[in-house]
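Here are the chains, one letter per residue:
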Amino acid sequence: MNGYTNKFLIINLNNNSIQTIPTQGYIEQFIGGRGIAVKLIYELTPKNVNTLSPENVLVFMTGPLTGTLAPSSGRIDVVSKSPETKLLGGANAGGFFGPELKYAGYDGIIVVGKASSLVYIDIFNDEVEIKEAQHLSGKGVFDTVNALRKDDKDTQIACIGPAGEKLVNLSGIAFSMRNYAARGGLGAVMGSKNLKAIAVRGTRGLSIAMPDLLKDIAEKMRERIKNMPSYQEYPEWHYKLFSILESDSKSFFGNYEDTAWKERFEAYENAERFVKRAEFRSETCFGCPLRCWAYINVKDIGGAGIAACQGTLTSLVNFTKAKDFDKIWKAYLLCQDLGLDISGTSAVIAYAMDLYSKGIITNSNADDGNLPYGNGDALISAIKKIARREGLGAVLADGVKKASEKMGKDAEKRAVYAKGGLELWLMEIRPFKGAALSCAVTDSGSHNRATYGLCEFYYRSMRKQAETVAKNLVGTEEAAIPTKYEYKPKLVAMYENLHILADSLGVCSIPFMPVGLELWTNAYTVCTGMEATPMNLTTAAERIRTLERLFNIREGLSRKDDTIAERLFNEPLKDGAWKGEVLDKEKFVEMIDAYYSLRGWDREGKPTQETLKRLGLE
Amino acid sequence: MIVIDYDKCIGCRTCETICSLSHEGRINPAEARINIVKYEEMGTNMPMLCQKCEDPVCVTTCPMRAIIIDDSLGTQIDYSRCIGCKMCIMACPIGGASLHPTNKKIIMCDLCQGDPQCVKSCPEQALEYIDISKLSLKKRREGVKKLARFLEEVKI
């Protein structure tokens, strides 16, 4: 089959066995990427598996568009049972690893078992070897990548930092020095297998069914991406994202207690000044015109230059209210090097800072409990302690929910997280009913894997566009209004489908909507030679979504778990554009009912027999 | 020739994929005539390809005279003569020629017979196909712009 490499690796670290399995049997129903990964996890994971045991399964899977000419096709999906949520843990990463893996001849890699000592997997085309990695033990991501690239700079690396080795729930898997499969503690799963890294280099390439048509379609897709309203501004988002979040009234500060932190503008200015004095070069992922990344280097600060992500940089400031951007930059480099999920890590530190400000954490009950908001040094020290599981860091390393359960009733009340305990993503949730629903029903917690770019998010800054999208998707402009509960279940289900398709085809969810499903479908057809329609891809997305649900149900999830932290129901916003907004329990429950029904699940959230039959999942 | 503006390149590698797709009908950076050389830790993305030298060492090195110089397209490989000895790869100071990984033919940029696909698809216009005689004049104009900006700053 064109577009695919038609086989994936299955590596058992218990006995160093390396085999390949044909991809063919999974394609029609599950497309690739996230879809096939979920199917494999469902098949291979023993029920109620201990997430850090050798039996847990870790899957890296590319899609049929990964590594092709289709723009943004650098993606790879990583799925396992999450140690943080004990549910499906999925994360998707860009960069250059996915394409390289396909050029080596593999659609994906399944890792099971546990090596007796630290190892890495070295792949060059047909040569796949499990190699000893003791020399990389405790090493940061940057050193690990450099060490594994010593002989060939074009090698692509997936690796964990010390945080993954220490089984920190907030650890992710780094792809070279920048992109991360960050969320859900997948780094800890990799660490539990004594697998430090996967190095891949490929020179086999990919067959394409209709090369000339692919050139035309890719050209059109690039044009659409370049016509996105935000396209021109993208390279400046490293400091402008603050004001963009403001213009949509999505910002919050600290541990979700305030949306109008007085000193924020000073923080934004510091960020702008920092970025403007830095050595700065726009960068991007494989095949993508968007430039979400930029190489940033400031001499004498942080000891390294690195390509930085706009969202996570912003996240560190808004959560911790640290205004000194030199410290923020150091914190960013540390997280990237230690192997931490920056969203989760900044959330848990903001949580600890909140508890400190309320006297729940004090210097006396934790020797390192001195965590005032805004203190950059305290932030940096907390990051190091989380990655090493030292002192208070050992408690915070498990994430907000588990930390809150260990610190008493008052602490529990302050905790904010999505389903399963995954920290929320960088935006206030209470006014955005679609995002709130998404956090509760999604496969693995936070909405960043379900409803990226939901039209309600940009309603305030680009009302016309938001309304047009809402009208096209669910038939009414009103669906775009953030505070409306009506229409949100349908909107969320449709965005989820699109997001699943992006993750399964192997492309990025950011340009997915602006390019439009029609063109992605065409790209799928010309790459693979298989006829497809937006309709049957959408059915595949529904199938994948329902299989994710079946996995979670098998692991003990029930309707009561489909919720979001209590504070968001009982603590109205006290300031800002959405003053007074809070989630209404009754309407929230109604949204969940409606969502289940749209998915063909019963009132308990279980897929019905008819649904299973319709989707071929009996 | 294809002129590279290093400051504009964002490292997306679209030039590599379109090059291999155009020449080979498949996607493989190892079969591309252009590659972006990356030094991730330094933020470097440098597109590298045959520079169509005026006095090409590949031509003088080739024992079979299989590299000819076309008036408008510069060095081109005559595959009827090429024996795949790889002397051109060894001689080229910048890696302009390479070996196809499967069919073992020598490959180098042929400027797509005057319609270079990489230039067309580069989203940042980091690659430009222009008459080399116009390059220095263009660069002098850009230089004046930079100078003007500098003088402006000095005034303030």
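The structure this text deals with has already been given above.
Notes on the structure follow. All figures in this text were calculated on a predicted structure; none of them were measured in a lab. (Residues numbered from 1 in each chain as written. Chains lettered and ligands numbered in written order. Predicted model: local features only at pLDDT ≥ 70, side-chain atom pairs only at ≥ 80, totals over all residues. Heavy atoms only, no water.)

Turning our attention to the overall build of chain A. Helix and strand counts for chain A come out as 25 helices and 16 strands. Against the compact-globule benchmark of 25 Å for 618 residues, chain A has a radius of gyration of 22 Å, which places it among compact chains. Once the C-alpha set of chain A is aligned to its principal axes, its extents read approximately 60 × 60 × 50 Å. In chain A, buried positions account for 66% of the 618 residues. Contacts in chain A between residues at least 24 apart in sequence constitute 68% of all its contacts with a sequence separation of at least 6. (Helix = DSSP H or I, 4+ residues; strand = E, 2+ residues; numbered from the N terminus. Rg over C-alpha atoms; globule rule 2.2 N^0.38 Å. Buried < 20%, exposed > 50% of the residue type's maximum accessible area, 1.4 Å probe, protein only. Contact = heavy atoms within 4.5 Å.)

Running from N to C, helix α7 (residues 211-226) of chain A and helix α1 (residues 14-24) of chain B cross one another at 155°; their axes reach a closest spacing of 10 Å. Relative to α1(B), the element α7(A) lies roughly antiparallel. At the point where α7(A) passes α1(B), the crossing takes the left-handed sense. Each of A:Pro211, A:Leu214, A:Lys215 and A:Arg222 in α7(A) lies in contact with α1(B), whose residues at this interface are B:Thr14, B:Ile18, B:Leu21 and B:Ser22. (Axes fitted to C-alpha atoms, helices over the stretch in contact; angles between N-to-C directions. Parallel < 35°, antiparallel > 145°, perpendicular 65-115°, else oblique. Left-handed = near helix turned anticlockwise from the far one by under 90°.)

All names here are of chain A. All told, the structure shown has 22 aromatic pairs over all chains when counted by the stated rule. Here Phe569 and Phe588 contribute two aromatic rings whose centre-to-centre distance is 5.0 Å and whose plane-to-plane angle is 80°, an arrangement assigned as edge-to-face. Note that Phe569 is positioned in helix α23 (residues 567-570) and Phe588 in helix α24 (residues 585-599), a separation of 19 residues in sequence. Phe588 matches Phe569 in its accessibility class, with the two residues each being buried. When the centroid spacing of 5.7 Å and the interplanar angle of 80° are considered together, the rings of Tyr595 and Trp601 count as edge-to-face. Like Trp601, Tyr595 is buried. One aromatic cluster is present, built from ring pairs that chain together Phe274, Phe325, Trp329 and Tyr332. Its end group placed over the ring of Tyr106, Lys7 keeps NZ or CZ at 5.0 Å from the ring centre. Over the ring of Tyr231 we find Arg291; its NZ or CZ atom is 4.0 Å from the centre of that ring. (Phe/Tyr/Trp six-rings, centres within 6.5 Å; stacked < 30°, edge-to-face > 60°. Lys NZ or Arg CZ within 6 Å of the ring centre and 35° of its normal.)

For the rest of this paragraph, the subject is the sheet that holds strand β3 (residues 58-61) of chain A. Residues and elements named next belong to chain A. With mixed pairing, 6 strands are arranged side by side in an open sheet as β2-β1-β6-β3-β4-β5. Every interior strand has two partners, whereas the edge strands, β2 (17-22) and β5 (88-93), have only one. Looking at each pair of strands side by side, their axes are set apart by 15° on average, direction ignored. Where strand β1 (residues 7-12) meets β2, 6 bridges bridge the pair, whose relative direction is antiparallel. In the sheet register, Asn12 faces β2, and the bridge partner there is Ser17. Strands β1, β3, β4 (76-81), β5 and β6 (108-112) of the sheet are contacted by helix α2 (residues 33-44), whose axis makes an angle of about 155° with β3. (Pairing = 2+ DSSP bridges.)

Listed by partner, the interface residues are 33 residues for chain B and 40 residues for chain A. Together, the buried faces of chain B and chain A total about 2,800 Å²; carbon and sulfur atoms form 52% of this surface. Linking chain B to chain A there are 3 salt bridges. A salt bridge links A:Lys153 to B:Glu41, with the nearest nitrogen and oxygen atoms 2.7 Å apart. (Buried area = accessible area lost by both parts, 1.4 Å probe. Salt bridge = Lys/Arg side-chain N within 4 Å of Asp/Glu carboxyl O.)

What follows deals with the pattern of salt bridges. Residues and elements named next belong to chain A. Summed over the entire model, instances satisfying the criterion amount to 62 salt bridges over all chains. Linking Glu405 and Lys401 is a salt bridge whose minimum nitrogen-to-oxygen distance equals 3.3 Å. Highlighted residues: Glu405 and Lys401, both in helix α15 (residues 400-406), separated by 4 residues, approximately one helical turn. With relative accessibility at 45%, the residue Glu405 sits in the partly exposed group.

Residue and element names in this part refer to chain A. Trp329, Tyr332 and Leu340 are the most contacted members of the largest nonpolar core, which has 222 residues in total. Other than its neighbours up to four places away in sequence, Trp329 contacts Phe274, Ile296, Ile301, Ala304, Ile306, Ala308 and Leu313. Formed by 32 residues, the second largest nonpolar core is a distinct cluster that contains Leu13, Val78, Ala91 and Met190. (Core = buried A, V, L, I, M, F, W, Y, C linked by side-chain atoms within 4.5 Å.)

Attention now moves to the pairing of β4(A). Residues and elements named next belong to chain A. A large share of β4 lies buried, amounting to 6 of its 6 residues. Side chains of β4 alternate between two faces, with Ile76, Val78 and Ser80 and Asp77, Val79 and Lys81 buried alike. Where β3 and β4 come together, 3 bridges link them in antiparallel fashion. Looking across to β4, one finds that Met61 is bridged to Asp77. Here β4 pairs with β5 via 6 bridges, running antiparallel. Paired with Lys81 across the strands is Leu88, a residue of β5. Connecting β4 to the next strand, β5, in antiparallel fashion are 6 residues, including Lys86 with a positive phi near 60°.

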